[in-house]
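# Chains, contacts and geometry: an overview
Take a look at the letters that make up each chain.
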Amino acid sequence: MILTSEAPAASGKTQAFLQQDHQLLIDGQNVAAVSGKKIDVVDPATGQLIARVAEGDKADIDKAVTAARRAFEGGAWPKLTPSERGKLLWRLADLLEENLDEVAEIESLDNGKPRAVAAAADVPLAVDLFRYMAGWATKIEGNTIPISVPYMPDAEFHSYTLREPVGVVGQIIPWNFPLLMAAWKLGPALATGCTVVLKVAEETPLSALRLGQLIQEAGFPNGVVNIITGYGETAGAALAAHGDVDKCAFTGSTEVGKLIVKAASESNLKKITLELGGKSPNIILPDADLELAIPGAANAIFFNHGQCCCAGSRLFVHRDQFEKVAEGVAELAKQIKIGAGMNPETEMGPMVSQIQQDRVCGYLESGLSDGATALCGGQKTGENGYFVEPTVLVNTRPEMKIIQEEIFGPVVTAVSYDDTDQLIASANDSPYGLAAAVWTRDISLGHKIAKKMRAGTVWVNCYNVFDASLPFGGYKQSGWGREMGHEALNLYTETKAITIQL
Ligand code: ADP
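Residues numbered from 1 in each chain as written. Predicted model: local features only at pLDDT ≥ 70, side-chain atom pairs only at ≥ 80, totals over all residues. Heavy atoms only, no water.

### Digging into the overall build of the protein
Put simply, the rule is: Labels follow the DSSP assignment, with helices taken as runs of H or I lasting at least four residues and strands as runs of E lasting at least two, numbered in each case from the N terminus. Atoms considered for the radius of gyration are the C-alpha atoms alone. The globule rule reads 2.2 Å times the number of residues to the power 0.38. Throughout, exposure labels follow a simple rule: accessible area from a 1.4 Å probe, protein chains only, divided by the maximum for the residue type, with under 20% read as buried, over 50% as exposed, and the rest as partly exposed. Contact between two residues is taken to exist if any of their heavy atoms lie within 4.5 Å; hydrogens are not considered. This count recognises Lys and Arg as positive and Asp and Glu as negative, with His and chain-terminal groups excluded. Where a charge lies is defined by one atom per residue type, namely NZ (Lys), CZ (Arg), CG (Asp) and CD (Glu).
When its secondary structure is counted, the protein shows 17 helices and 23 strands. Relative to the 2.2 N^0.38 estimate, which gives 23 Å for 502 residues, the radius of gyration of the protein is 24 Å and therefore close to what a compact globule would have. Its C-alpha atoms put the protein at 75 × 65 × 40 Å along the principal axes. The 502 residues of the protein split such that 56% are buried. Pairs at least 24 residues apart make up 75% of the contacts formed inside the protein by residues separated by at least 6 positions. Taking the average place of the 43 positive charges on the side chains of the protein and the average place of its 60 negative ones, the gap between the two points comes to 4 Å.

### Details of the sheet that holds strand S17 (residues 411-417)
In a beta sheet, neighbouring strands pair by backbone hydrogen bonds and run either parallel or antiparallel. In plain terms, the rule: For two strands to be treated as a pair, DSSP must find no fewer than two bridges joining them. To get an axis, a line is fitted to the C-alpha atoms, and for a helix only the part in contact is used. The angle between two axes follows their N-to-C directions and goes from 0 to 180 degrees.
The seven strands are arranged S13-S16-S17-S12-S11-S19-S20 in an open sheet whose pairing can be described as mixed. Edge positions in the sheet fall to strand S13 (373-376) and strand S20 (457-460), since each has one partner strand and no second. In this sheet, neighbouring strand axes are inclined to one another by 25 degrees on average, regardless of whether the strands run parallel or antiparallel. Pairing of strand S11 (residues 281-284) with strand S12 (residues 314-318) involves four bridges; the strand directions are parallel. Note that in S12 the partner of Ile 284 across the bridge is Val 317. Contacts from helix H11 (residues 290-302) reach S11, S12, strand S16 (391-394), S17 and strand S19 (435-439), with the element oriented near 170 degrees to S11.

### Things to note about the pairing of strand S9 (residues 247-251)
Summarising burial for S9: five of the five residues are buried, a large majority. Residues Lys 247, Ala 249 and Thr 251 of S9 are buried on one face, and the alternating residues Cys 248 and Phe 250, pointing to the opposite face, are buried as well. Relative to S9, strand S6 (residues 168-172) runs parallel, the two being bridged by four bridges. Its bridge partner lying in S9, Ile 172 is registered against Phe 250.

### Some points on the site of the ligand
Put simply, the rule is: Any residue with a non-hydrogen atom lying within 4 Å of a molecule or strand is treated as near it. Polar contacts here mean pairs of N or O atoms no more than 3.5 Å apart (in protein, one a potential hydrogen donor and the other a potential acceptor; neighbouring residues in sequence count only if both atoms are side-chain atoms). Polar here means any residue outside two lists: the nonpolar Ala, Val, Leu, Ile, Met, Phe, Trp, Tyr, Cys and Pro, and the charged Asp, Glu, Lys and Arg; Gly therefore counts as polar.
Near the ligand you find 18 residues, and of these Ile 173, Trp 175, Lys 199, Glu 202 and Ser 253 are the closest. Contacts to the ligand include Ala 237, whose backbone N or O atom sits 3.4 Å from a nitrogen atom. Contributing elements (two or more residues each) for the shell around the ligand: strand S7 (195-200), helix H9 (232-241), S9 and helix H10 (254-266). Classifying every residue of the shell around the ligand gives 10 nonpolar, five polar and three charged.

### Details of the pattern of salt bridges
Our working rule: Salt bridge, as applied in this entry: a Lys or Arg side-chain nitrogen positioned within 4 Å of an Asp or Glu carboxyl oxygen.
For the structure shown, the criterion picks out 21 salt bridges. The partner of Arg 131 in a salt bridge is Glu 97, and the shortest N-O contact between them spans 2.7 Å. In this pair, Arg 131 is assigned in helix H6 (residues 115-136) and Glu 97 in helix H4 (residues 82-98), connecting sequence segments 34 residues apart. Judged by relative accessible area, Arg 131 falls into the buried class, the value being 17%. With relative accessibility at 41%, the residue Glu 97 sits in the partly exposed group.

### Some points on the nonpolar core
Spelled out, the test is: Side-chain atoms within 4.5 Å are what join buried Ala, Val, Leu, Ile, Met, Phe, Trp, Tyr and Cys residues into a set we call a nonpolar core.
If you look at the biggest cluster of nonpolar residues, it comprises 112 residues, and the most contacted ones within it are Leu 96 and Phe 220. When residues in this core are grouped by element, the largest group, 10 residues, is from helix H7 (residues 178-192). When sequence neighbours within four positions are dropped, the list of residues in contact with Leu 96 reads Val 103, Val 123, Ala 126, Val 127, Phe 130, Leu 179, Leu 211 and Leu 214. Grouped together as the second largest cluster of nonpolar side chains are 27 residues, Ile 26, Val 168, Cys 248 and Ile 272 included.

### Topic: the packing of aromatic side chains
Applied cut-off: Between the rings of Phe, Tyr and Trp (Trp by its six-membered ring), a pair exists once the centres lie within 6.5 Å; its type follows the angle of the planes, with under 30 degrees stacked, over 60 edge-to-face, and the other angles tilted. The rule is short: NZ of Lys or CZ of Arg within 6 Å of the ring centre and within 35 degrees of the ring normal puts a charge over the ring.
Taken as a whole, this structure holds nine aromatic pairs when the rule is applied. Arranged with centres 6.0 Å apart and planes meeting at 45 degrees, the rings of Trp 77 and Phe 220 form a pair that is tilted. A residue pair is termed long-range when its members are at least 10 positions apart, and Trp 77 in helix H3 (residues 76-79) and Phe 220 in the loop between helix H8 (206-218) and strand S8 (225-229) qualify at 143 residues. The burial state of Trp 77 is the same as that of Phe 220; both residues are buried. An angle of 45 degrees between the planes, with centres 4.6 Å apart, marks the rings of Trp 459 and Tyr 463 as tilted. Comparing Trp 459 with Tyr 463, the two get one shared label, buried. An aromatic cluster is present here, built from Trp 184, Trp 459, Tyr 463, Phe 466 and Phe 472 joined pairwise through their rings. In this structure, Arg 131 packs its charged tip against the face of Trp 90, placed 5.2 Å from the ring centre. The lysine or arginine in question, Lys 247, covers the ring of Tyr 492, its NZ or CZ lying 4.3 Å from the ring centre.

Rendered as structure tokens:
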């Protein structure tokens, strides 16, 4: 269902922010890009210009890495106690919470997601992540280890480990959850005492720039967090290839993830963590409560317009219930109110960009011409903006592109199955392994299937449940390492073993 493109204007605070001269944050200062170039930022609901930001490239990355290195090696940051680092993170969380409405509006205008969703999910999750990581700052501990050393039988030793920050971290984030991805990345880096150069997505730079202002307001020393707006092929590539960056943490496509690994291996073999694509199976077992599972399956794919790396894009339903479930999800899809994110009635906004709209529509055309049938949707919609209809595709075959590849849009393929072994093989038949879900009343069976899923997250009778304390990341080509939870801290620290002969 298409709503009018009319939407209430943003608040005065948000408008004042949009009109600022958006520069790079390097060494605590707002500076223009060395090239002087700018990037246009558009509202994807209208295609209209809403702001211009600096176009940082290699020269700016070099400056930012120098600042981050200086802040890591000397000055105030390494002298702060863990407790003081924790307090700064907590203060940042408070400031973000105080500015929740403004940040949610910025996110909605820049990314297209409903303002209400940004206010209920993206911003509070970011606040919570910073608080969770604030707590960890004082709990990053080594061990004392009794050692044996067989070739020195008479010697006595005292051995222990230190957990030290990995150093200067380059972080590259995507456009689907711009603020939240910045929080996932910055939280563990700052809790462990690293310094950061954050390269935000060119499509959605604004909420991270507002976050940068709050980071300065919170009192983080200059150079601890540097924020670069710029394109991936230039600024992002320069960061991944930089010889003085100790670690690169990336979230985005598997294709670019492979380029990041290549850049690291051809430069200084920096540590790499990757959170990449997905093609997540969402399984409805014959005994599932369909009153929950049908809306659950709709939420699994249509949340954030399907622009989620963990979207439940492959729906598996037992043959006996297939028609009822597929039709049920399609009915819900038809009722989704599509419009500008700033319209309070909107349930689904536009794709983030024209490129993304074209990409999703390309997949729709390919699926339909390969013989799939759309129970609903199947094309773009709306007069302005980059909207795509929520779509349920059936009559697919395993080799189709729409089954094999990540679409990253509001498109689910529904497939029937007959027996559980075949189901598990089909569900795991993907180069990806980010998430999976199972709907069943038989919790024991739910546990069994969860164990068999080759995925970093499995939901049972729910979908899209995230928490700062739960590790998130992928098996197979969905990534390396985990974000959130205390596991993330391991990936921002080096362990040093120290042995003293007594
Ligand atoms: P998408 O195709 O969905 O935009 P990408 O993986 O291209 O996803 O983008 C995710 C992030 O990676 C963005 O910040 C983008 O600028 C950055 N990026 C894109 N290409 C490169 C690259 N070659 N090297 C480093 N970063 C890149």
